[in-house]
Amino acid sequence: MKTSRIALVTGANQGLGRALVEGLAARMGPDDLVLLTGRDAGRVRDAVGEIARSPAARGRVEGRVLDVTDAGAVSALAAELGERHGGVDVVISNAVAPLLPDRSQAEQADRFIDVANGATHSVLRSFGPVLNPGGRLLVVASSLGTLGRLDPRLRPLFDGASLDQVEYAVESWRSAVHSGTAREAGWPLWVNVPSKVAQVAAVRAVAAERRDRDLADGTLIAAVCPGMVDTRASRPWFSDYSQAQTPARAAEAVLDLVFAEGADPALYGELVRFGKALPWHGGEPSTEQDALLVP
């Protein structure tokens, strides 16, 4: 009978991702394993060493180099963990590509979409099948991920969509960005808005297919908004951090969701912020200024 637990966090060698690994290691037991993943081998190695030496760490921490934009690598890791450990208990998809103020949004769109959306799709497709009963599969998004943030013309692309349809919508948006027709079609110029909506739509698509089975065995699939966090990705955009959380503080609400008993039907497949589901159809179309200020 399996007694140890396996957890994995992507984009985890710094910022919120690292704080999530630290929190998992602190709350799990000595027979449990937390996998810290990132693209840079040196950063992964250093982060694992520092966390493992912390007196707060109870669970084992190991590092794996993983490029989340490589769907084959994500699939291979999921298959390996399924074969070696019988499945995974916690998966948190956290990877993000920072946006820089001194470059145009269009210039940065491909990398941003590949990391935020392509990785979300790969993690959902690959790790959903190896998620153990009672497990947690969470995608870190933001409150920008509600459908109402988009122009009404675009909402049908994501509302009730399958994962294939979400992927198609994302690629249509990418093409519009590069062809210069995004604004005419109603897409926000700030790429973070459609990206986050698509992330939540992808989670909803997968959750809709599994809902009854997952709720029966206490499994939770959800998107999660940690609120405004002081990280390297957000620092270039803000001058006042008085309301921002530290990564460690922001990780607490996410970890509370991980370790909650059972799966709350009101949160299943939803975008969860501080323990409460945000209305999928809520929000108003976002201006670029809104997109900077909303966590």
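Since this is a predicted model, take the numbers as computed values, not measurements. (Residues numbered from 1 in each chain as written. Predicted model: local features only at pLDDT ≥ 70, side-chain atom pairs only at ≥ 80, totals over all residues. Heavy atoms only, no water.)

Another aspect to go through is the overall build of the protein. Looking only at helices and strands, the protein has nine helices and eight strands in total. By the compact-globule yardstick of 19 Å for 295 residues, the protein fits well, its C-alpha radius of gyration being 18 Å. Along the first, second and third principal axes, the C-alpha set of the protein runs to 55 × 40 × 35 Å. The long-range share in the protein, meaning contacts at least 24 apart out of those at least 6 apart in sequence, stands at 77%. Split by element, the accessible area of the protein, about 12,900 Å² in all, is 50% carbon and sulfur. Between the averaged position of the 31 positive side-chain charges in the protein and that of its 36 negative side-chain charges there is a distance of 3 Å. (Helix = DSSP H or I, 4+ residues; strand = E, 2+ residues; numbered from the N terminus. Rg over C-alpha atoms; globule rule 2.2 N^0.38 Å. Contact = heavy atoms within 4.5 Å. Areas by Shrake-Rupley, 256 points an atom, 1.4 Å probe, with all protein chains shown as cover. Lys, Arg positive; Asp, Glu negative; His and termini not counted. Charge placed at Lys NZ, Arg CZ, Asp CG, Glu CD.)

Confidence in the prediction for the protein averages 92 pLDDT; 91% of positions are at 70 or higher. Of the regions scoring below 50 in pLDDT, residues 289-295 engages in 18 contacts with residues more than four places distant in sequence or in other chains. (pLDDT = per-residue confidence, 0-100.)

Time to look at unusual backbone geometry. Here Phe-274, not a glycine, exhibits a phi torsion of approximately 50°, which is positive. Of note, Phe-274 is situated in the loop between strand E7 (271-273) and strand E8 (276-278). On the basis of relative accessible area, Phe-274 is assigned to the partly exposed category, the value being 43%. (Buried < 20%, exposed > 50% of the residue type's maximum accessible area, 1.4 Å probe, protein only.)

Now for helix H2 (residues 41-52). In this model H2 runs 16 Å from its N-terminal to its C-terminal C-alpha over 12 residues, within 8% of the 16 Å that 1.5 Å per residue would give. Buried within H2 we find Gly-42, Val-44, Ala-47, Val-48, Gly-49 and Ile-51. Summarising the contacts, the buried residues of H2 are in contact with helix H1 (15-27), strand E2 (33-38) and strand E3 (60-65). Capping the start of H2, Asp-40 holds a side-chain oxygen 3.0 Å from the backbone nitrogen of Gly-42, two or three residues further along. (Expected span 1.5 Å × (residues − 1). Polar contact = N/O pair within 3.5 Å; in protein donor to acceptor, adjacent residues only side chain to side chain.)

Time to look at the sheet that holds E8. The sheet built from eight strands is open, its strands ordered E3-E2-E1-E4-E5-E6-E7-E8 with mixed pairing. The open sheet has two free edges, formed respectively by E3 and E8, since each of these has just one partner strand. Sheet twist, expressed as the average angle between the axes of neighbouring strands with direction ignored, equals 25°. Looking at chain direction, strand E4 (residues 88-93) and strand E5 (residues 131-140) are connected through five bridges and run parallel. Pairing of Ser-93 across the sheet is with Val-139, part of E5. Docked against the sheet, helix H4 (residues 105-127) engages strand E1 (6-9), E4 and E5, running at close to 180° with respect to E5. (Pairing = 2+ DSSP bridges. Axes fitted to C-alpha atoms, helices over the stretch in contact; angles between N-to-C directions.)

Take the nonpolar core next. Of all hydrophobic cores here, the largest spans 96 residues; its most connected members are Leu-24, Ile-92, Phe-127, Leu-137 and Phe-158. With 10 residues, the single largest contributor to this core is helix H7 (residues 192-217). When residues no more than four places from it in sequence are discounted, the contact partners of Phe-158 are Leu-147, Leu-150, Val-166, Ala-169, Trp-187, Val-197, Ala-198, Ala-201 and Trp-280. (Core = buried A, V, L, I, M, F, W, Y, C linked by side-chain atoms within 4.5 Å.)

The next subject is the environment of Gly-186. Looking at the secondary structure, you find Gly-186 in the loop between helix H6 (182-185) and H7. Each C-alpha atom, one on Gly-186 and one on Asp-151, is 5.7 Å from the other, the two residues being 35 residues apart in sequence.

This part is about the pattern of salt bridges. Taken as a whole, this structure holds 17 salt bridges when the rule is applied. With a closest N to O distance of 3.2 Å, Arg-18 and Glu-22 form a salt bridge. With Arg-18 and Glu-22 both in helix H1, this residue pair falls four residues apart, about one helical turn. For Glu-22, a relative accessible area of 34% gives the class partly exposed. We note a salt bridge from Asp-164 to Arg-125, for which the minimum N-O separation is 2.6 Å. Of this pair, Asp-164 sits in helix H5 (residues 163-179) while Arg-125 sits in helix H4, placing them 39 residues apart in sequence. (Salt bridge = Lys/Arg side-chain N within 4 Å of Asp/Glu carboxyl O.)

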